[in-house]
Amino acid sequence: MTLEMQAPTPTAVKAGRVGSKVNWGLTLQRVLALIIILALWQVAVVVGLLPSITPGVIEVFGAIGAALTMPTFWAALGQTLTAATTGWLISCVVGVTLGLLIGTIRPLDRSTSVVVEFGRAFPTIALMPVVMLMLGATMTMEVTMVVLASVWPVLVQAILGSRRLDPAIVDTVQIFRIPRALWFRRVLLPSAMPFIATGIRISASISILAAVGVEVLTQVPGLGRLITLAQEAQRWDMAFAYLFFAGLFGWGIATLLAWGEKSLLAWNRQSDD
Amino acid sequence: MTIPQSIHTGTLTTTGNVLLKVDNIALGYGEGAAEKRIVDALSFDVGLGEFISIVGPSGVGKTTLLRGLSGLLKPKVGQVVVGGHVVSGPHPDIAVVFQDYSRSLMPWMSTRENVAFPLQGRGAGKAERNKEAEAALEAVGLGGQGDKYPWEMSGGMQQRVAIARALAYNAKVLLMDEPFASVDAQTRFDLEDLVIDLREKLGVTIILVTHDVDEAIYLADKVIVIAEKPATVVDVIETGFGTHRDQVATKADPRFQDARARILTRLRHND
Amino acid sequence: MKTLTNILWWLWLPVVLVILWWFASAQSTNLFVPPLQKIVESTIRDFGNGLLLTAMATSLVNLVLGLLIAILFGVIFGLIIGETRRLRLILDPFIHFFRSVPQSALVPLIIGAFGIGAEPKIYAVAFACVWPIMLNTIDGTRSVEVGVRQVSRVFGIPKMLYFRRVVLPGAMPQIVAGVRVALPIGIVVMVVSELFASNMGLGFYILNSSSTFRIPETWGGAMLVGVIGYFLVMVFSLFEKRLLSWYFKSAAR
Ligand SMILES: Nc1ncnc2c1ncn2[C@@H]1O[C@H](COP(=O)(O)OP(=O)(O)O)[C@@H](O)[C@H]1O
Ligand SMILES: [Mg+2]
């Protein structure tokens, strides 16, 4: 490895995002890298380097193709998506509203800080057996688990975001006697939005994590359940295919949200010098 | 011009010609024994349509005084009376142009939305708001630029937006805190002349706070010099220039030079 | 006096919530929502007979080993990828893809492949935790200033030394932040993998008591895992502040 001289380079993420002109050289190299990774995998399977159950690349590709034509797969994907998004949306609404209130009402802020800290650090998935006892292996249980797990990042970020309201804006709002409801909607919310957006993004990946986790562990239908079933049936090729889709799903949501955040919060990048 | 023409009318009660009366006020931060007194025993009157400059060195308490006048900071002693009403909090007759224009404009709103926002707070409908905002932007020389965002504009233009916002609020008194302190010299002259022009056209009463002696004299009918710790009025000077000003001629006027010498001596004396 | 008021402000709500829970659940006839008193009693009992202590030890050892493996691989690969511009550009989408895989989906595969013992749990934790650590390490190497980089080159500092004394310390704050992100993920994966299939550990304790309808134990185990997770995260934050105090000091100058 050489230590080349480097000008301050944009981070990899930025470099990959230069949208207007596609960097064909880089794309080609990435495709090559993918082929090499897949080839190494195949060789490792043939030579017996990986656990014996690991399917080869070609089998997994076959399974991916097969999954795409299976109604059960699409149904499962739809169920995971529904549960994760329902829970996530509830978390966003609840987290933002509570967070902005807590962040701007000082006594509330002081009183709830321990509870919020605790909730944030609490591995919610541990509560699943208990929630399961109360609600059974139902969609309601899954959504409840998703909310319990994903509400915290939004809440915490909304609290942090509302605390950083600029004093100059606070003065302005007072001078022009802006009513509280309008202030909440047009000043506090947008001002905290860059923070909230981060929370919403984190919460989206946690929602998927929680939904799939619940499905893996219980009889609730969905992508996670399919993976468990494939594993129980020793269909490792299918299990890998589902895992691939789970990753694609998580990655797709993350990318979509990052893109949405970038375009909706243009003002934030511009005014931060 | 469709900007507030109603400034001289309305329900304003003025005693004599006095619109705003600052009556022996004291201002400070903190309570009781821990109080840090910044302004003390400070009084002055502002006539209807008058342009007042308050000049004083940095850190003397100009911003604090302005916060007191605008109702953001409650006086420890004394009172501020505007149009016959004691100011007990932010008041519909008082608008402020803040020192930190770049931070007092909201970056998530377009220029038009920023200017219209106080009207929205007052419950005005969208069409009315936009009409008034556009007129105010027109008045500060930013006609047709309502769709731009503050961060797409230069510092001088942002300050014009802040002025437009205060105008659109249609208050009788405009308080300005070092409004031109962070723009370049040429922009500063342009903005000074804009304010003089607006005052002449709209007859709005202006209290402008600055540490710049030349600016204070050039703009005002009456310069109030504050100094000492805690700050109080140490001198009041009538400039007598009338409503018209010229950056070259006015500053060469002997009355300007006299006032300048007097204020600088006064402030040096108080060091 | 002032700290006392602060403590009162902080603690009154949690205390009130626990008291409410205690009394609201005291008369509970719902089989699945036992009185808090029973939960506490069963937990104290199983702490006394060592059941919970062994379970805790098993789970924590798995978690820590998995995390250590993740740190080892995450930091080494992160440093190499971060310092090699080309590699970094090429691998960026793959790392982001692996980071986006919902880690809980891996559990059935890893346990299916490696069986029910401790090993697969460690692997699962390691695999889930390695991505955030690697990503942060890569970011961290970017924060080594160009000047420092050039000086090292000009003086012909050997590569190993350069990594150990220049890049690693420079990237340390980011690496530690990566571990902070990885820790809760690791805890979740630990819990999921034990709830999925196990014969030891806290997850097993929960699973076992729920399948034999010892509901207070199920609740107690779940709450305990949560509390442990909370403490781990808190302890790590304190540790992070300590470890990085030099960093915060130098940043404050
Ligand atoms: N919120 C505050 N709390 C305590 N002291 C303050 C506060 N704001 C300003 N001061 C103090 O009041 C004094 C006057 O400040 P300011 O009114 O901003 O002066 P100026 O605007 O004339 O530069 C300064 O000594 C400053 O430190
Ligand atoms: Mg000031």
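Residues numbered from 1 in each chain as written. Chains lettered and ligands numbered in written order. Predicted model: local features only at pLDDT ≥ 70, side-chain atom pairs only at ≥ 80, totals over all residues. Heavy atoms only, no water.

(A) The interface of chain A and chain B, seen in detail. Tallying the contact residues gives 23 residues for chain A and 27 residues for chain B. Taken together, the two surfaces of chain A and chain B that pack against each other cover about 2200 Å², and 70% of this comes from carbon and sulfur. Among the residues chain A hides against chain B, the three largest losses belong to A:I175, A:F176 and A:R186. Together they make up 32% of the total. Applying the counting criterion to the chain A and chain B interface returns 3 salt bridges. Remark: the boundary between chain A and chain B carries 5 residue pairs in polar contact (both at pLDDT 80 or more). Those elements that provide at least two residues to the side of chain A that touches chain B are α8 (167–175), α9 (180–217) and α12 (266–271) of chain A. Broken down by element, the side of chain A that touches chain B gets its largest block of residues, 8 residues, from α8(A). Residues belonging to the side of chain A that touches chain B are distributed by class as follows: 13 nonpolar, 5 polar and 5 charged. (Contact = heavy atoms within 4.5 Å. Buried area = accessible area lost by both parts, 1.4 Å probe. Salt bridge = Lys/Arg side-chain N within 4 Å of Asp/Glu carboxyl O. Polar contact = N/O pair within 3.5 Å; in protein donor to acceptor, adjacent residues only side chain to side chain. Helix = DSSP H or I, 4+ residues; strand = E, 2+ residues; numbered from the N terminus. Nonpolar A, V, L, I, M, F, W, Y, C, P; charged D, E, K, R; others polar.)

(B) Structural context of the arrangement of the chains. Ranking by contact count across 2 pairs of chains in contact places chains A and C at the top. Contact between chain B and chain C is absent, and the least distance between their C-alpha atoms amounts to 16 Å.

(C) Structural view of the site of ligand 1. Residue and element names in this part refer to chain B. Close to ligand 1 lie Y29, K36, I38, P57, S58, G59, V60, G61, K62, T63 and T64. Contacts to ligand 1 include K36, whose side-chain N or O atom sits 3.5 Å from a nitrogen atom. Coverage of ligand 1 by the protein chains reaches 60% of its 560 Å² of free accessible surface. Listing elements by their share of the shell around ligand 1, those giving two or more residues are β2 (36–47) and α1 (62–70). When residues in the shell around ligand 1 are grouped by element, the largest group, 3 residues, is from α1. Considered class by class, the residues forming the shell around ligand 1 number 4 nonpolar, 5 polar and 2 charged. (Near = heavy atom within 4 Å. Areas by Shrake-Rupley, 256 points an atom, 1.4 Å probe, with all protein chains shown as cover.)

(D) Quick peek at the interface of chain A and chain C. Contacts between the two partners involve 57 residues from chain A and, on the opposite side, 61 residues from chain C. Taken together, both faces of the contact between chain A and chain C bury some 5700 Å²; the carbon and sulfur share is 76%. At the surface where chain A touches chain C, the tally comes to 6 residue pairs in polar contact (both at pLDDT 80 or more). Those elements that place two or more of their residues in the side of chain A that touches chain C are α1 (12–17), α2 (24–47), α5 (106–121), α6 (128–135), α9, α10 (223–232) and α11 (236–264) of chain A. Among the residues forming the side of chain A that touches chain C, the class breakdown is 41 nonpolar, 12 polar and 4 charged.

(E) Fine view of the sheet that holds strand β7 (residues 173–177) of chain B. Residue and element names in this part refer to chain B. Strands sit in the order β6-β7-β8-β3-β9-β10 across an open sheet of 6 strands; the sheet is mixed. Strands at the two margins of the open sheet, each flanked by one partner only, are β6 (94–97) and β10 (232–238). For this sheet, the mean inter-axis angle between neighbouring strands, taken without regard to orientation, is 20°. Note: strand β3 (residues 51–55) against strand β8 (residues 205–210), 5 bridges, orientation parallel. If you follow V55 over to β8, its bridge partner there is T210. The strands touched by α1 are β3, β6, β7, β8 and β9 (222–227); relative to β7, the strand with the most contacts, the crossing angle is about 160°. (Pairing = 2+ DSSP bridges. Axes fitted to C-alpha atoms, helices over the stretch in contact; angles between N-to-C directions.)

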